[in-house]
Structures are given as C-alpha cells and as structure tokens.
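Chain by chain, the residues:
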Amino acid sequence: MANTATHDHAHDHHDHKPHGLKRWLYATNHKDIGTMYLVFACVMFFLGGAMALVIRAELFQPGLQFVDPGFYNSMTTMHALLMIFGAVMPAWTGLANWMVPMQVGAPDMALPRLNNFSFWLLPFAFTLLLLTLFVPGGAPAGGWTLYPPLSLQAGDSFPLTIFAIHLMGISSILGAINVVVTILNMRAPGMGLLNMPLFCWTWLITAYLLIAVMPVLAGAVTMLLTDYFFGTSFFAASGGGDPVMFQHIFWFFGHPEVYILILPAFGVVSEIIPTFSRKPLFGYESMVYATASIAFLSFIVWAHHMFTVGMPLAGQLFFMLSTMLIAVPTGVKVFNWCATMWKGSISFETPMLFAIAFLFLFTLGGFSGLMLAIVPADFQYHDSYFVVAHFHYVLVPGAVFAIMAGVYYWLPKWTGRMYNEKIGKLHFWLSTIGVNVLFFPQHFLGLAGMPRRIPDYSTQFADWNMVSSLGASLFGFSQLLFVYVIWSAVRSGEKAADRPWEGAHGLEWELPTPAPYHSWETPPTRSVISHGAMH
Amino acid sequence: MTRHARTALSATAFAILGSLAPLAAHAEWGNLNMPVGVTVLSKEIHALHMTMFWWCVAIGVFVFGWMIWSLVAFRKSQGAKPDTTMTHSTKAEIVWTVIPVVILVIMAIPAARTLIAIEDTRNTEISIKVTGYQWKWHYDYLGEDVKFFSSLARASDEARQLGSGVNPESVENYLRDVDNPLVVPEDTKVRVLLTAQDVIHAWWVPAFGMKKDAIPGNVNELWFKVEKGKTGLYRGQCAELCGRDHGFMPIVVKVVTKDEYRTWLAGQKAGESTPADASSEPAADSSPTIAALPAAPQG
Ligand code: HEM
Ligand SMILES: [Cu+2]
Ligand SMILES: [Cu+2]
C-alpha cells in the first residue's frame with residue numbers, strides 16, 4: 001500500500017523550485033523553510049555554545065582568568081537568549097515545518113508567505129541582538145529574565161535587545177498561527193484530531209501557548225522600554241511602580257515558555273519510542289490529555305520562580321501545590337513511555353538512544369523540579385546552581401536531545417540518505433557522558449551554597465566546577481560530530497528506503513524517500529491513512 | 001577495536017586521570033549536600049529537602065528500574081517479539097495518576113507546616129534592617145542607632161581582580177570574607193528587614209536556611225534563631241544578579257553569646273572604630289565612624 005502513495009506522486013515531479021539565493025529568500029515551501037529554520041537553529045546553537053564555553057572557561061578555576069565580570073554577565077544573558085529563542089524554539093519550528101504537513105497529509109503549510117516572513121524575521125532579530133556585543137556599554141547583562149531595575153542599567157544595547165525580542169516574538173506568533181491553521185484545516189479527509197501523531201498534538205498545544213504568552217512578553221518588555229525612555233515608572237518604586245510586578249508578568253510568560261520548549265520534545269519522543277519498540281504508543285489518548293493539562297497548569301504556576309520575593313503565605317501555598325500538581329501529568333507521560341517499551345521488541349539506533357537518554361535524564365530534571373516546588377527548600381535552592389542543574393537537565397538532555405533524536409529519525413526521509421550509524425552512536429555517547437559530567441556536579445555546587453550567575457567563586461567550590469567545565473568541553477566539542485554526521489549523510493550517505501525504520505508508523509513514512517517537494521499534492525486516501533496509523 | 005587503539009585509549013584515559021590527581025588533594029569533594037545549618041528552621045528545611053530527595057530516589061528506583069528492565073528484557077537482538085495489543089489500560093492510568101497525587105499530598109503537608117513557621121515573625125527580639133547596595137550590604141540595628149556597611153574584605157578584593165596574579169587558594173576565605181560582619185546573639189529570634197537601594201539583591205546564608213530578596217521600594221522579612229552553643233562565623237553571598245560585582249558582595253554573620261553581643265553593641269554605641277573584625281584588615285572603604293555613614297534609605 002505504500003506504493004499507492006508513491007504512484008500518486010509519480011506524475012508530480014515537476015517541482016518548480018527557483019534556484020540559487022532566490023529559492024531561499026522567496027521560499028514558500030515548507031521543506032525549504034524548515035531547512036532554513038534548522039540551519040539557523042544550528043548556527044545559534046554553536047554561537048550560544050561558544051558563549052557557554054567562555055562561561056565554563058572562566059569558571060574552570062577560582063579567580064578571574066579571562067573575562068571582566070560585566071562581560072561575564074553579558075555571556076550568561078546572551079547565552080540564554082540565544083539558546084532559548086535562537087536555537088531551541090527555531091529548531092522546533094523547523095521540525096514542525098518539515099513534519100506537520102507530511103504527518104497530516106497536506107501539501108504544505110497553510111500560510112506559506114507568512115511562513116517565509118516568520119522565518120526571515122529571525123536573522124534580523126538575532127543580528128540586532130548580536131550587535132549589542134559591540135555597542136557602548138556592552139551586550140545586555142541583566143540576565144535573560146531582564147529583571148528591572150538591573151536591566152534598565154543597560155547602555156545602548158537596551159533598545160536593540162527589546163526590539164530583537166519583539167521581532168522574535170512576532171516570528172514565534174506567526175509561526176504558531178501557521179501550525180494551528182495547518183493542523184486544524186489541512187488534515188487529509190479521514191484524519192481526525194485523535195488520529196494525529198503526537199508530534200502534531202504537542203505542537204498544536206505549544207502553538208496555543210505561544211499565541212497566549214508571547215504577547216505577554218512583548219508587553220513586559222515594552223513597559224521596560226517606556227520606563228527606560230519615556231519616563232513611565234511601571235517598575236520603578238520611586239515613581240509608584242513595582243519591580244516585582246515585572247517578575248509576575250515575565251514569569252506568566254516564562255513558565256509556559258519552558259513548556260513551549262519541551263512539549264514538542266514529548267511529541268518527538270512519542271514517535272520514536274514506539275518505532276524502535278515496534279509497538280504502538282501506550283495510552284495515546286492519555287498522552288494528549290496529559291499534554292493539555294500540562295499546558296493548562298503551566299499558566300497557574302508562574303510564581304514558583306519568585307518564592308523569595310516575599311509573597312503572602314496563601315500565595316506561596318497555592319503556587320507550591322499547583323507546581324507539585326504539574327508533576328502528575330508529567331509522570332503519566334513518563335509511565336506511558338515506559339509501558340510502550342514494555343513487551344516491545346527494542347533496537348538501539350541513534351534516534352532511539354537519544355530518546356532513551358531523554359527518558360532518563362528528563363525524568364531526573366523532573367525530580368529536581370519536584371524538589372524545587374517545596375517552597376521552604378526552594379528558599380535554599382533558589383538562584384543557586386541547583387536550579388541551573390535542574391533547568392539544564394530538562395533543556396539539554398531534554399529538549400536538545402529530543403531535537404537531535406528527531407533530526408536523526410527523520411533525516412533519511414528528508415534527504416533520502418542514511419547517516420553513518422557508527423558516528424551517530426559515537427555522537428550520542430560523547431554527548432550523554434559530557435552532559436552528565438557537565439551538569440550533575442552543579443547539583444552539588446548549588447546545595448553547597450554556590451549562587452548562579454557569578455564569574456568567580458570561593459575555593460570550596462573549585463573541584464566540582466573544574467569537573468563541570470571539563471564536561472562542558474567534552475559536550476561542546478562533541479557537537480561538531482553532529483554537524484559532521486549530518487553533513488556527510490547529506491553529501492554521501494547511503495540511499496535510504498521509503499521506510500528506513502522497520503517499526504515506523506505515520507503518514508510521513510507512506511511518502512516516497514526523499515519526500516517529494518510538495519509533500520501530499522493529493523490527500524492520502526483513507527486506506528493510506530489507516531495503513532500509516534496501523535503500522 | 002584493535003589492540004593499538006585500545007592501548008592508546010587507556011593511555012589517554014590515564015593521562016586525563018593523572019592530570020586530575022592534584023584535585024584529589026582538596027578536601028571539598030565531599031561538599032555534596034545542603035548544610036544542616038544551625039537554626040531551627042534550617043534543620044526543618046534540611047529535613048524536608050532530604051525527605052523529598054528520598055521520595056525522588058524511591059520513585060527513581062521504580063521508574064529507572066522499569067526502564068532498564070524493559071531495555072534489557074525486550075531487546076530485539078535477543079529475539080523479543082512485540083505485544084502490539086498492549087495499547088492502553090485505564091486501570092494502570094488511574095494507578096499512576098493517583099499514587100503520585102498521594103505522594104505529593106504527603107509531602108505538601110510538612111512543607112506547608114514549615115512554611116507557616118517561616119512566615120511567623122511574631123515575638124522577635126532584635127530587628128536588623130539590611131539594605132542591598134551595588135555592591136555591598138548595609139546593616140542597621142533598629143532602635144539601637146548602630147549601623148554600618150559590610151563589603152568584600154580587602155585581601156579577596158585584591159586577589160579577585162582580573163590578572164591579579166594572586167592565587168585564590170592563598171587567600172583565606174576567598175570571596176567569603178567581609179570587613180564588618182553582621183553580629184548577632186545566639187538563641188535569639190532575629191528579624192531581618194530587607195530592602196535595597198538600587199537594584200534587587202538577595203540575602204542568603206545557607207547555614208540559616210534562608211534567602212530572601214532585597215527589593216528597592218519593598219520591605220521583606222525573614223527571621224532566624226541560631227541555636228544555643230552555635231557561636232561562630234557563618235558565610236553566605238548575594239543570591240540575586242545585581243550587576244557587575246554580584247559575585248563579590250558576601251555576607252558574614254558573627255554569632256556570639258548574648259553577653260558578648262551586649263558588650264559589642266555598647267561598644268558600637270560608644271563609637272568604636274571597627275564593629276567586629278572578621279578579617280585581619282579593614283577594607284579601605286569602610287567608614288571609621290558610624291556618624292560619618294549615610295543614613296539607610298527609607299524603604
Ligand atoms: C516536574 C516538572 C517541573 C517542576 C515541578 C519544575 C519546577 C521548577 C521550579 C520550582 C523552578 C524555580 C526554581 C527557582 O528559581 O528557585 C524551576 C525553574 C526552571 N525550570 Fe522547572 N520544573 C519542572 C519542569 C521543567 C521543564 C519541563 C522545563 C523546561 C523544559 C523547566 C525549565 C525550567 C527553567 C528554564 C527554570 C529556571 C528559569 C530561570 O530562573 O532562569 N522546568 N522549575
Ligand atoms: Cu516554571
Ligand atoms: Cu547580587
């Protein structure tokens with residue numbers, strides 16, 4: 001039956017694609033745009049990674065060796081902004097661009113020109129942001145959380161940073177609208193919402209989160225802007241404002257934001273684990289409901305980032321309980337993934353290895369999250385390296401590993417070529433060892449009393465910092481292998497089959513390999529859909 | 001792997017381990033956990049931390065055990081056949097929703113109890129207003145007319161400059177030493193009122209179990225009561241990013257007996273030059289007389 005699809009498309013192979021620069025500048029094709037998003041994310045990942053290595057080099061030993069403390073603060077700030085808004089979010093949008101039309105049986109995204117616009121905003125946004133490194137006063141150094149009054153002490157970087165954040169926000173919102181419209185309107189006849197692959201589901205919910213909270217961030221930074229330039233005092237106590245109000249607004253965006261970074265990862269892992277366990281996803285519907293409940297709860301937990309600002313007791317209790325509650329649907333997901341592997345027939349190709357590491361290490365980050373939810377204990381953990389360890393566990397072996405798993409998994413379908421499994425596995429092992437050597441000791445540092453965002457520390461923290469920095473270079477440099485393995489696959493990889501993974505299911509695998517330029521020009525028939533789903 | 005490659009690999013491994021050997025000389029490898037601390041609250045907080053930690057370990061043993069079991073027992077390479085009929089189970093879903101909820105409720109109760117104790121600032125015996133500045137602390141003993149700044153000790157300050165050439169290991173209490181420590185009596189409920197002059201800071205002494213933000217225009221409260229017999233120096237740091245020298249505004253609290261405290265306070269009122277010395281050298285910018293100090297801002 002897979003042949004039906006191939007056959008339907010046999011006469012469609014006159015892809016009128018423009019060539020050269022124009023193909024990319026005027027791109028409206030979801031695959032071209034997806035590729036640009038992914039390449040962009042990769043570039044930002046390496047830039048942000050270079051900044052992280054500056055940070056870890058300075059922290060290798062006590063004493064200031066390399067950078068001025070002000071520049072150090074710019075590095076932590078820029079690293080976070082680049083990784084969150086430049087690497088992880090665009091990578092997810094890139095994957096959505098590639099996969100959503102193929103998975104729902106559509107020829108392309110619903111709004112191709114908007115798609116072009118939302119991508120091309122990003123290079124401008126990040127050029128502005130990176131330019132701040134060269135303006136008087138240096139790059140923003142108040143932390144990615146931009147808390148006033150500190151963030152208002154920035155020099156000329158300030159308006160550039162705010163404008164860059166606005167552009168990123170617009171880009172994310174437009175990208176999200178495109179995903180929502182594509183999923184809700186372009187599904188092939190016969191593909192009900194509850195027949196969709198989980199990646200589409202988690203992205204649909206992520207898109208709603210984006211549409212809901214990016215304007216909140218825009219509002220927050222606009223208020224900063226008017227406080228800075230136009231004499232308002234939203235956040236200035238001297239003018240009757242309140243700096244804590246910024247934190248409430250910021251985290252009302254910020255907590256859903258962390259789920260924006262991780263929900264699509266849940267989707268990818270929910271595709272990969274069944275494939276390599278050769279068994280359908282356990283509890284599909286409960287996965288959908290769990291994702292939806294996480295998204296809902298993510299709007300009512302924001303103040304767990306601000307337990308130390310001095311909230312009323314009732315407020316602290318409320319946010320403690322709601323935060324603990326979010327662990328329940330998260331747990332449901334982990335249990336479902338375990339149950340999917342149970343009684344499966346498991347093989348360990350690179351995408352699966354990354355998904356397994358995700359499973360273990362994301363769960364570990366969930367544990368530290370649970371500990372952080374205990375308010376009295378958070379009075380100790382807050383703003384220490386324990387928090388740094390927590391969010392890096394959920395974000396690096398969490399979100400970033402899932403992105404890499406997705407790239408390895410779908411690369412054969414995209415390019416028609418297979419990556420080198422040996423190098424893929426090497427990349428996996430070096431990354432996994434590196435990430436743990438890098439972040440695990442940070443739990444110890446935080447508990448022993450090391451605050452985050454400091455360029456230098458007392459000698460009692462020296463040992464684990466050194467270990468962490470060694471892990472950082474191992475992890476960082478291993479990522480060059482990732483680029484190499486992808487590059488060499490695209491250049492000269494072995495030809496991949498239509499269904500390179502024996503247990504793969506879903507509509508994308510019903511397309512020929514490499515996937516045709518306009519994925520599904522005629523919608524897949526119901527029998528193709530059910531074939532895809534059954535597999 | 002060829003024998004050559006293997007030898008090369010083990011040689012590299014040994015080289016790396018060898019280069020790490022000097023590290024083993026440090027005594028700090030054991031610094032792995034939250035300090036138990038010296039106040040009633042810090043002990044309760046530590047206990048909560050440990051209980052939650054052991055819950056996580058228990059859940060971890062179960063979940064990771066399940067994962068590892070599946071990964072080992074159902075390997076395709078060992079001929080495992082998938083059971084494709086296993087797609088959902090309402091019973092299982094209910095079990096793994098309800099059990100976590102129960103665990104969370106079990107944890108929430110003692111956490112809430114401790115939280116209520118933390119928020120109970122009644123019956124405090126001494127109140128000290130702490131003001132964060134970029135980048136030092138100001139302490140004001142309310143009602144006593146004793147106030148002073150507390151900044152990074154000079155030895156640390158010199159050593160921490162970029163390219164100072166001073167080995168931090170040679171500086172005692174590198175970055176955790178101040179010119180004028182806060183002095184408080186043991187066995188006394190001390191209330192700290194926190195505010196800031198410029199940007200947000202946070203006052204954190206891990207041994208007291210407590211951290212709270214010092215915010216311009218706000219006054220926050222926290223309290224601690226150091227147990228009797230636990231006199232000594234306790235060190236902490238600013239815990240909220242506050243600009244360039246955020247890493248360089250430590251906190252030192254000197255806990256003394258009630259008698260010593262009375263004597264010290266009387267001495268301060270009489271205008272003794274340095275409050276109480278934690279470091280051998282007073283820093284240059286510590287004002288010699290209290291009268292010369294600027295008044296703390298009105299929050
Ligand atoms: C079981 C689920 C989770 C719980 C209970 C939880 C809880 C918390 C809490 C209480 C904090 C604040 C800690 C503090 O600053 O004192 C925190 C910080 C953070 N969490 Fe989580 N978390 C969970 C999962 C996640 C996930 C899935 C992500 C993202 C992928 C994430 C990303 C972050 C980030 C980025 C921060 C720090 C933000 C900052 O201060 O810069 N967390 N988490
Ligand atoms: Cu959060
Ligand atoms: Cu600070």
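Residues numbered from 1 in each chain as written. Chains lettered and ligands numbered in written order. Predicted model: local features only at pLDDT ≥ 70, side-chain atom pairs only at ≥ 80, totals over all residues. Heavy atoms only, no water.

Quick look at the sheet that holds strand β2 (residues 136-141) of chain B
All names here are of chain B. Read across the sheet, 5 strands follow the order β3-β2-β1-β5-β8 without closing on themselves; strand pairing throughout is mixed. Two strands close off the open sheet at either side, each with one partner strand: β3 (146-150) and β8 (220-225). For this sheet the average axis-to-axis angle between neighbouring strands, irrespective of direction, equals 20 degrees. With 6 bridges connecting them, strand β5 (residues 189-196) and β8 associate as antiparallel partners. Counted as the bridge partner of Val-190 is Phe-224 from β8. (Pairing = 2+ DSSP bridges. Helix = DSSP H or I, 4+ residues; strand = E, 2+ residues; numbered from the N terminus. Axes fitted to C-alpha atoms, helices over the stretch in contact; angles between N-to-C directions.)

Quick word on the coordination of the copper ion (ligand 3)
All names here are of chain B. Within the first shell, the copper ion (ligand 3) binds the protein through Cys-238 (SG), Glu-240 (O), Cys-242 (SG) and His-246 (ND1), at distances of 2.0 to 2.5 Å. What the 4 donor atoms of the copper ion (ligand 3) show is an angle range of 86 to 126 degrees at the metal, which sorts the shape as tetrahedral. One chain supplies every donor for the copper ion (ligand 3), spaced along it as C-x1-E-x1-C-x3-H. Take Cys-238: its relative accessible area is 0%, and that puts it in the buried class. (Donors = N, O, S within 2.8 Å, 3.2 Å for Na, K, Ca; no water. Tetrahedral: all angles 85-135°; square planar, octahedral: opposite > 155°, others 65-115°. Buried < 20%, exposed > 50% of the residue type's maximum accessible area, 1.4 Å probe, protein only.)

Structural notes on the site of ligand 1
Residues and elements named next belong to chain A. Neighbouring ligand 1 are 22 residues, the closest being Trp-144, Asp-378, His-382, His-390 and Arg-452. One of the side-chain N or O atoms of Asp-378 is found 2.5 Å from an oxygen atom in ligand 1. For ligand 1, an oxygen atom lies 2.9 Å from a polar atom in the side chain of Arg-452. For the shell around ligand 1, the secondary-structure elements that each account for two or more residues are α8 (243-277), α10 (313-341), α11 (350-373) and α13 (385-415). Broken down by class, the residue content of the shell around ligand 1 amounts to 13 nonpolar, 7 polar and 2 charged. (Near = heavy atom within 4 Å. Polar contact = N/O pair within 3.5 Å; in protein donor to acceptor, adjacent residues only side chain to side chain. Nonpolar A, V, L, I, M, F, W, Y, C, P; charged D, E, K, R; others polar.)

Brief notes about the coordination of the iron atom of ligand 1
In an ideal octahedron of six donors the angles at the metal are 90 or 180 degrees, and in an ideal tetrahedron of four donors they are 109.5 degrees. You will see that the iron atom of ligand 1 has only one donor from the protein, His-390 of chain A (NE2), lying 2.2 Å away. Between the iron atom of ligand 1 and the copper ion (ligand 2), a spacing of 4.6 Å is present.

Some words on a nonpolar patch on the surface
Residue and element names in this part refer to chain A. On the surface, a cluster of nonpolar side chains totalling about 430 Å² of accessible area is made up of Leu-111, Ile-177, Leu-184, Leu-193, Tyr-208 and Ile-211. Elements with a contribution of two residues or more to the nonpolar patch: α6 (157-185) and α7 (198-229). Along the chain, Leu-184 turns up in helix α6. (Patch = residues over 30% accessible without salt bridge, like charges linked within 9 Å, V, L, I, M, F, W, Y side chains within 5 Å. Areas by Shrake-Rupley, 256 points an atom, 1.4 Å probe, with all protein chains shown as cover. Salt bridge = Lys/Arg side-chain N within 4 Å of Asp/Glu carboxyl O.)

Describing the interface of chain B and chain A
In many reports, interface size means the accessible area that the parts give up when they come together. Tallying the contact residues gives 92 residues for chain B and 99 residues for chain A. Taking both partners together, chain B and chain A bury about 8300 Å²; carbon and sulfur atoms supply 71% of that area. The tally of links from chain B across to chain A stands at 2 salt bridges. Between Lys-76 of chain B and Glu-502 of chain A there is a salt bridge; the shortest N-O distance is 3.7 Å. Summed over the shared surface of chain B and chain A, the result is 19 residue pairs in polar contact (both at pLDDT 80 or more). The set of elements that each furnish at least two residues to the side of chain B that touches chain A consists of α2 (40-73), α3 (90-119), β7 (210-214) and β9 (232-238) of chain B. The element best represented in the side of chain B that touches chain A is α2 of chain B, accounting for 17 residues. Grouping the constituent residues of the side of chain B that touches chain A by class yields 51 nonpolar, 24 polar and 17 charged. (Contact = heavy atoms within 4.5 Å. Buried area = accessible area lost by both parts, 1.4 Å probe.)

Describing unusual backbone geometry
With an omega dihedral of -10 degrees, the bond running from Thr-513 of chain A to Pro-514 of chain A counts as a cis peptide bond. Position of Pro-514 of chain A relative to the elements: it lies in the loop between β2 (494-495) and α16 (526-534). For the bond running from Gln-134 of chain B to Trp-135 of chain B, omega is 5 degrees, close enough to zero to count as cis. Inspection of the secondary structure puts Trp-135 of chain B in the loop between β1 (126-133) and β2. The backbone of Asp-383 of chain A shows a phi angle near 55 degrees, a positive value even though the residue is not glycine. Checked against the element boundaries, Asp-383 of chain A lands in the loop between α12 (375-381) and α13.

Looking at the pattern of salt bridges
Pairs can form between side chains of opposite charge whenever their charged atoms are close. One pass over the full model with this rule turns up 16 salt bridges over all chains. Close ionic contact of Arg-499 of chain A with Glu-510 of chain A constitutes a salt bridge, the shortest N to O distance being 2.8 Å. Highlighted residues: Arg-499 of chain A in the loop between β2 and α16 and Glu-510 of chain A in the loop between β2 and α16, separated in sequence by 11 residues. Notably, a salt bridge pairs Arg-191 of chain B with Glu-221 of chain B, separated by 2.8 Å at the nearest N-O pair. Placement of Arg-191 of chain B in strand β5 and of Glu-221 of chain B in strand β8 is noted, with a sequence separation of 30 residues between them.

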